[in-house]
Amino acid sequence: MNGLRVRRWPTRGPIRLVGLTGGIASGKSTAARAFRLLGCPVIDADRVARDAVAPGTAALRSIRDAFGPGVLRPDGALDREALGQKVFGDPGALARLNRIVHPEVGREVRRLVAGALARDPDAVVVYDVPLLYETGQEGAVDLVVVVYVPPEVQAERLSARDGRTPEQVAARLAAQLPIQEKAGRADVVLDNRSTPADLAAAVTDLVRRIREHNRAFGG
Ligand code: ATP
């Protein structure tokens, strides 16, 4: 048995856009790779967000106008550290930043999804978005998939991968919605306590079910 747990299956229409999320170091990138190997186009929300504020973009100009030239590095790129200090603990400033960045990211994600579906109308597109719940995007996808491991496994894998101290690990875990809560709200849970091969098998099983489901809608 692999780690696929279906909690709720949508019935209204075909599943074109899958939201892939989870906790830090729970295995989202590992799962995304498995989806990609099965031919699913994957949209990386972190990359879209980075590109949205690249030098020369309207969003970066708006950020400079709102927060001052101190949030840019000498080469003109965004100084994330400096910007983080301006918005950390200031909900008004954070909201202002989100009002600049979120619409740009949303537009670009919609453009990428439309492009993938234009290339292949039967595609199952995966939107890899670590903060799906924190940013209220669950309604924008057809199926929410949470890659789950218990917090102690998250902590272990995080410190093994990034060499962080237990204090740093605890702080990063505390900054996100608890993973149990995400799993409790998911349509589908991919339990990643076992091996990466088992996770890939669960993804294969899920994609097979989605494609079967979509065939019932003619796709
Ligand atoms: P982040 O939130 O930091 O982007 P992530 O959710 O994308 O992380 P991965 O990078 O896929 O998580 O996995 C975290 C670490 O755990 C990586 O070093 C990965 O190789 C390892 N890992 C993933 N799945 C397993 C597994 N089933 N068994 C052992 N190690 C694993």
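S.K.: Can you help me understand helix α3 (residues 58-67) in this one?
M.R.: In an α-helix there are 3.6 residues to a turn, and that puts residues three or four apart on one side. By the burial criterion, the buried members of α3 are Ala59, Leu60, Ile63 and Phe67. For α3, the angular spread of the buried residues around the axis is 100 degrees, confining them to a single face. Where the residues of α3 are buried, they touch α2 (45-52), α4 (80-87) and α5 (91-119).

S.K.: Sorry if this is basic, but what is going on with the environment of Leu177 here?
M.R.: Along the chain, Leu177 falls in the loop between α7 (166-174) and α8 (179-185). In this structure, the C-alpha to C-alpha distance between Leu177 and Leu131, residues 46 residues apart in sequence, is 8.7 Å. Among all residues touching Leu177, those that are not within four sequence positions of it are Tyr133, Glu134, Lys182 and Arg185.

S.K.: Any chance you could explain the packing of α4 against α5 here in plain terms?
M.R.: Interhelical geometry of α4 versus α5 gives an angle of 130 degrees and a closest axis separation of 7 Å. With respect to α5, the axis of α4 lies oblique. Each of Leu83, Lys86 and Val87 in α4 lies in contact with α5, whose residues at this interface are Ala93, Leu94 and Leu97. Considered class by class, the residues forming the contact of α4 with α5 number 5 nonpolar, no polar and 1 charged.

S.K.: It is not clear to me how the site of the ligand should be interpreted in this structure. Could you clarify?
M.R.: Around the ligand, a shell composed of 14 residues is seen, among which Lys28, Ser29, Thr30, Arg161 and Ser194 lie nearest. Within the side chain of Asn192, an N or O atom sits 2.8 Å from a nitrogen atom of the ligand. A distance of 3.3 Å separates a nitrogen atom of the ligand from a polar atom in the backbone of Pro196. Out of a free accessible area of 630 Å², the ligand has 73% covered by protein chains. Most atoms of the ligand, that is more than half of them, are within 2 Å of grid points of the largest pocket. The set of elements that each furnish at least two residues to the shell around the ligand consists of α1 (28-37) and α6 (151-162). A per-class count over the shell around the ligand returns 3 nonpolar, 8 polar and 3 charged.

S.K.: Quick question: what am I supposed to make of the sheet that holds strand β6 (residues 188-191) here?
M.R.: Two orientations exist for strands paired in a sheet by backbone hydrogen bonds: parallel and antiparallel. The 6 strands lie next to each other as β1-β6-β5-β2-β4-β3, forming an open sheet whose pairing is mixed. The open sheet has two free edges, formed respectively by β1 (4-6) and β3 (42-44), since each of these has just one partner strand. The mean angle between the axes of side-by-side strands here comes to 25 degrees, regardless of whether they run parallel or antiparallel. Strand contacts of α2: β3 and β4 (125-128), with the helix running at about 50 degrees to β3, the strand carrying the most contacts.

The rules behind each value
Residue positions are given per chain, counted from 1 along the sequence in the order it is written. Local features in this predicted model are restricted to residues of pLDDT 70 or higher, and side-chain atom pairs are both shown and tallied only at a pLDDT of 80 or more, whereas totals for entire chains, interfaces and linings draw on every residue. Remark: hydrogens and water are excluded; side-chain values derive from all non-hydrogen atoms of the structure. Burial status follows relative accessibility: with a 1.4 Å probe on protein chains alone, a residue under 20% of its type maximum counts as buried, one over 50% as exposed, and anything between as partly exposed. The secondary structure listing takes helices from DSSP runs of H or I that are at least 4 residues long and strands from runs of E that are at least 2 residues long, numbered from the N terminus. Directions from the helix axis toward the C-beta atoms define the arc. By the convention used here, residues are in contact when the closest approach between their heavy atoms is within 4.5 Å. Here the axes come from fitting lines to C-alpha atoms, over the contacting stretch only for helices, and the angles between their N-to-C directions go from 0 to 180 degrees. What sets the label is the angle itself: under 35 degrees gives roughly parallel, over 145 gives roughly antiparallel, 65 to 115 gives roughly perpendicular, and the rest give oblique. In this classification, Asp, Glu, Lys and Arg are treated as charged, Ala, Val, Leu, Ile, Met, Phe, Trp, Tyr, Cys and Pro as nonpolar, and every other residue, Gly included, as polar. Here a residue is considered near a molecule or strand provided that any single heavy atom belonging to it is located within 4 Å of it. Pairing of N or O atoms within 3.5 Å defines a polar contact, subject to two protein rules: one partner must be a possible hydrogen donor and the other a possible acceptor, and residues neighboring in sequence count only if both atoms are side-chain atoms. Computed with the Shrake-Rupley method and a 1.4 Å probe, the accessible areas treat only the protein chains shown as cover for residues. A pocket, in this scheme, is an open set of points on a 1 Å grid over the protein atoms alone with protein on both sides within 12 Å along at least 5 of 7 lines, while a cavity is a set where a 1.4 Å probe fits but cannot get out; residues line either one if an atom lies within 4 Å of a point. For a cavity or pocket, the test is whether more than half of a molecule's atoms lie within 2 Å of its grid points; if they do, the molecule sits there. Note on pairing: two strands pair once DSSP finds at least 2 bridges between them.

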